[in-house]
Amino acid sequence: MENFVVSARKYRPQEFDTVVGQSHITDTLDHAIENNQLAQALLFCGPRGVGKTTCARILARKINEKDGSTSEDNFAYNIFELDAASNNSVDDIRNLTDQVRFAPQVGKYKIYIIDEVHMLSSAAFNAFLKTLEEPPEHAIFILATTEKHKIIPTILSRCQIYDFKRIQIEDIQSHLKGIAEKEKVNYEEDALFLIAQKADGALRDALSIFDRMVTFSQNNITLEKTAEVLNILDYDQYLNIADLAKENKIPEVLSAFNEIVKKGFDPHIFIAGLGSHFRDLMMAKNPMTLALIEVGEKSKQKYSEQSKNWSAQDVIDAVEICNHADINYKNSKNPRLTVEIALMQLSSLNQNSLDSKKKNS
Ligand SMILES: Nc1ncnc2c1ncn2[C@@H]1O[C@H](COP(=O)(O)OP(=O)(O)OP(=O)(O)O)[C@@H](O)[C@H]1O
Ligand SMILES: [Mg+2]
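Quantities reported herein were computed from a predicted structural model and do not represent experimental measurements.

With respect to the site of ligand 1
No. 1: Around ligand 1, 20 residues are found, and the nearest of them are Ala8, Gly49, Lys52, Thr53 and Thr54.
No. 2: At 2.8 Å from an oxygen atom of ligand 1 is found a main-chain nitrogen or oxygen belonging to glycine 49.
No. 3: Side-chain polar atom of threonine 54 to an oxygen atom of ligand 1: 2.4 Å apart, as the coordinates give it.
No. 4: Within the complex, the protein chains bury 95% of what would otherwise be the 630 Å² of accessible surface of ligand 1.
No. 5: Contributions of two or more residues to the shell around ligand 1 are made by helix H3 (52-66) and helix H10 (203-217).
No. 6: Taken together, the residues that form the shell around ligand 1 break down as 9 nonpolar, 6 polar and 5 charged.

Here is the structure:
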């Protein structure tokens, strides 16, 4: 069997221009290298899986390249990585600071990448401080962390700080698209959107969900299967419930809800999700707000279609009904009934307006 390499490793960018969504950082670093304005201590912080370690390695390599020492071996020689998560004692740091004093045998710089730097013990931090305060000219430190608030101010103030951002859903989606095409995986765009959305800004998470989906779906990633694996209610389920409610089909709505609960979905999440669905319908009613819906393009079309059948007032009422049930859910002695009442009310919305029309005529 061929060795399977997870996508997060296989597709770790090797150059700044393939790093997704962090151009505010990669551009700055590029310029800093060009103009010899790189600080001696840099701190990369931001959420997990957004490219901190990746950028630290690219930067380290680039500094060496600039330095003219270009053979593979020299890179390895002048770049030192310390994972502070497992080497967090004073002794580990002393080992490192002892080495730092010696100039590199080849090239101009020695680059130290200290990953997960927030894990250093406070004694280790203090031991490090001295070196960081007056680093030898040949030393460059790149620190990386997800928890900037755990870094003591004396360290922070000695570093040039780079804040990495969560990556935008669309950027993750198009990155996944590129990989799917390279790997010859069939996909529905909206399925990749859903994965990107679920990853919550972390590209590594997106890639590992993607790998899971490739295996589960046997190279054919559909929205339906993705929703199933991620245990997310498919948009279509909400669209369906809203259609049934529109036609006042109370029994059908209640049994659709029952099916959803039977699949193991939490009724509370369901009713909150239905509330968001009606919120999205409101946004879909106008091209100005259509962009505020966070779903894939194809699903957006469906929202647009459905929103035409709903009056603005009915949508507002629907959002309120769901919101009310959402708020009351936790305090209700019979939470399922709370959701069912909401569904019955939703299915009677235009019924009421029909009744009042009849009365008025
Ligand atoms: N901005 C990005 N562009 C392209 N790929 C990325 C990006 N961020 C993360 N990845 C992918 O995720 C993997 C992990 O990224 P990386 O190790 O750089 O994250 P990190 O920010 O250091 O995360 P952690 O805080 O968990 O250490 C990379 O190998 C790469 O495949
Ligand atoms: Mg990292």
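Once you've had a look at it, read on.
Considerations on the sheet that holds strand S1 (residues 41-45)
No. 1: Ordered in space as S2-S3-S4-S1-S5, the 5 strands form an open sheet in which the pairing is parallel. Edge positions in the sheet fall to strand S2 (79-83) and strand S5 (160-163), since each of these pairs with one other strand and no more. On average, each strand axis in the sheet is tilted by 15° relative to the strand beside it, whichever way the strands run.
No. 2: Both S1 and S5 contribute to a ladder of 4 bridges, which runs parallel. Pairing of leucine 43 across the sheet is with isoleucine 161, part of S5.

Each value, and the rule that gives it
- Residues numbered from 1 in each chain as written.
- Chains lettered and ligands numbered in written order.
- Predicted model: local features only at pLDDT ≥ 70, side-chain atom pairs only at ≥ 80, totals over all residues.
- Heavy atoms only, no water.
- Near = heavy atom within 4 Å.
- Polar contact = N/O pair within 3.5 Å; in protein donor to acceptor, adjacent residues only side chain to side chain.
- Areas by Shrake-Rupley, 256 points an atom, 1.4 Å probe, with all protein chains shown as cover.
- Helix = DSSP H or I, 4+ residues; strand = E, 2+ residues; numbered from the N terminus.
- Nonpolar A, V, L, I, M, F, W, Y, C, P; charged D, E, K, R; others polar.
- Pairing = 2+ DSSP bridges.
- Axes fitted to C-alpha atoms, helices over the stretch in contact; angles between N-to-C directions.

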